Amino acid sequence: MAQIQGIKGVKDVLPDEARVWQHIRNKAREIFHTFGYSEIIIPVLESSELFLRSIGETTDIVEKEMYLFDDRDGKKIALRPEGTASVVRSFVEHNLSHSLPFSKLYYIGPMFRRERPQAGRYRQFYQIGAEVFGFASPQIDAEMLSMLDLFFNSLNIKGVELQVNSIGCPICRPAFREALRNFFSDKLSNLCDNCQRRYELNPLRILDCKSPHCHAIAEGAPKTLDYLCDDCLKHFNTLQDCLKLAGVSYNINQRLVRGLDYYTRTTFEFVSGSLGAQNAVAAGGRYDSLVEELGGPPTPAIGFSIGFERLFSNFDSSSVAVKLINVFVAALGDKAQEKAFQIINQLHKKGISAITDYDGGSLKSQMRKADKFDSEFVLIIGDDELSKGVVIIRNMKNKAQEEVPITMIVEKLEGIFKTHDSP
Ligand code: HAM
């Protein structure tokens, strides 16, 4: 029969890798909780209008990358391409602003974008994201970046650089946009097709075009920081002061305009030198108007998302201890297997990981399997042991083995693993 393959741009995370993902997720949760964040679990399916209104109709994501379908009742549904819009929708829908003076939320889960797959770019990818609602102060911007810095350091991620910028607010951005249009007006025919369209719709996006040609032309373009209004400039300067106070190193990248329309003021990315074209490991920014635009009360907000796959490829997986199976029970014959079944059942109740091979087989083949599973101990039960009322316990590291009465074996293993677990 023909094999069915996974679809392009969508990958399996096999158990060895999943173990590392779990380690990274646990670390994120631990650190985010320290900063007062709570987890929010948002749906994968949303009304497509949510993303049109938040990310923006003329962005790459909305124009060409969303997975859309008509539900059976005709409603337009999207597989979420990102988490921010969903968290904002949930924040507004459930009146979270009434229950707490401010909200710090994080989420972990899959996102879907029909991009051209390449290294570091998938059609289903995972994000660890966080959003804070209710603070206008640049101190929260710096606290968030400091949290990310701490998180990357805790995973010993090297070579990641924080880049920050400010793209202003609805008061000062129109003048910047106009200055960009003036600058590019006589260079239009030299820009790529995408940028020619961007010129009309959102000239800021020309600044982060990946085409080397457009990049070179944009070299002399007006700089966003020169156009900030007093309030935006003060915000940006205070952010930098706070980053210095927190000991977080950063560089200013005035081309960092981001590809989603909802941003105001602070934008940032953590970029990795080792990732090639898809070099942003994490990205985000402030979006002070979005809650109101989606029907909520005026609420300043800021957030980020980390690309899990990109973080993973910067992470040294060998630093995660392989979880060993504690005990493999090798049983020889039907009677011994019945005993094995009872023993592992008791071990599971004591929280000791234990497996057995229900298909039996020779001692040699079972020992080989125990090795494959990296078991710390093997219990051997054959007819001889059954008649003597004992099991052989073999330490797979130092190969020492001894006979222990069957009635005592669970207690004995409990003793061993209790001392293992104690700090
Ligand atoms: P984004 O820049 O679209 O922002 O995505 C954030 C991160 O997700 C990227 O830096 C990258 O690491 C990862 N990522 C994006 N697309 C892909 C892909 N196709 N394959 C693999 N990884 C990918 C957002 O999504 C915003 N929601 C961030 C945010 C949160 N802004 C405010 N709050």
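Residues numbered from 1 in each chain as written. Predicted model: local features only at pLDDT ≥ 70, side-chain atom pairs only at ≥ 80, totals over all residues. Heavy atoms only, no water.

**A closer look at the pairing of strand β12 (residues 327–331)**
- Of all five residues in β12, five are buried, a share of seventy percent or more.
- Of the two faces of β12, the one holding V327, V329 and A331 and the one holding F328 and A330 are both buried throughout.
- As paired elements, β12 and strand β13 (residues 354–356) share three bridges and run parallel to each other. Its bridge partner being in β13, V327 is matched across the sheet by A354.
- Running through helix α13 (residues 334–349), the crossover from β12 to the neighbouring parallel element β13 is right-handed. (Buried < 20%, exposed > 50% of the residue type's maximum accessible area, 1.4 Å probe, protein only. Helix = DSSP H or I, 4+ residues; strand = E, 2+ residues; numbered from the N terminus. Pairing = 2+ DSSP bridges. Right-handed = clockwise from strand over helix to strand, strands pointing away.)

**Let's talk about the domain arrangement of the protein**
- Each assigned domain of the protein is listed here: domain 1 (15–172 + 228–318) and domain 2 (327–415).
- Using only C-alpha atoms to locate each centre, domain 1 and domain 2 end up separated by 49 Å. (Domains from an automatic or database assignment.)

**As for the sheet that holds strand β2 (residues 45–47)**
- The strand order across the open sheet formed by three strands is β2-β4-β3, and the pairing between neighbours is antiparallel. Edge positions in the open sheet fall to β2 and β3 (67–70), since each of these has one partner strand only. Averaged over all pairs of adjacent strands, the angle between strand axes in this sheet comes to 35°, irrespective of strand direction.
- Strand direction decides the pairing type here: β3 and strand β4 (residues 76–79), joined by four bridges, are antiparallel. Considered in β4, the bridge of F69 is made with I77. (Axes fitted to C-alpha atoms, helices over the stretch in contact; angles between N-to-C directions.)

**Some details on the pattern of salt bridges**
- Counted by the stated rule, this structure contains 24 salt bridges.
- The partner of E49 in a salt bridge is R53, with the nearest N and O atoms 3.3 Å apart. Taken together, the residues span about one helical turn, with E49 and R53 both in helix α2 (residues 48–54) at a distance of four residues.
- Residue classification places E49 among the partly exposed positions, given a relative accessible area of 43%.
- A salt bridge links E178 to R181; the shortest N-O distance between them is 3.4 Å. Placement of the pair is E178 and R181 together in helix α7 (residues 173–184), with a separation of three residues, close to one helical turn.
- Residue E178 is classed as partly exposed on the basis of its relative accessible area of 39%. (Salt bridge = Lys/Arg side-chain N within 4 Å of Asp/Glu carboxyl O.)

**Here we look at the sheet that holds strand β15 (residues 390–395)**
- Spatial ordering of the open sheet is given by β13-β12-β14-β15-β16, a layout of five strands whose pairing is mixed. Sheet topology places β13 and β16 (401–405) at the edges, where each strand pairs with a single neighbour. For this sheet, the mean inter-axis angle between neighbouring strands, taken without regard to orientation, is 25°.
- As paired elements, strand β14 (residues 377–381) and β15 share four bridges and run antiparallel to each other. By the bridge assignment, L379 is partnered in β15 with I393.

**Here's the deal with the side chain of T224**
- In this fold, T224 is placed in the loop between α9 (212–217) and α10 (230–245).
- With near-sequence residues (within four places) excluded, T224 lies in contact with N165, S166, I167, F176 and Q254. (Contact = heavy atoms within 4.5 Å.)

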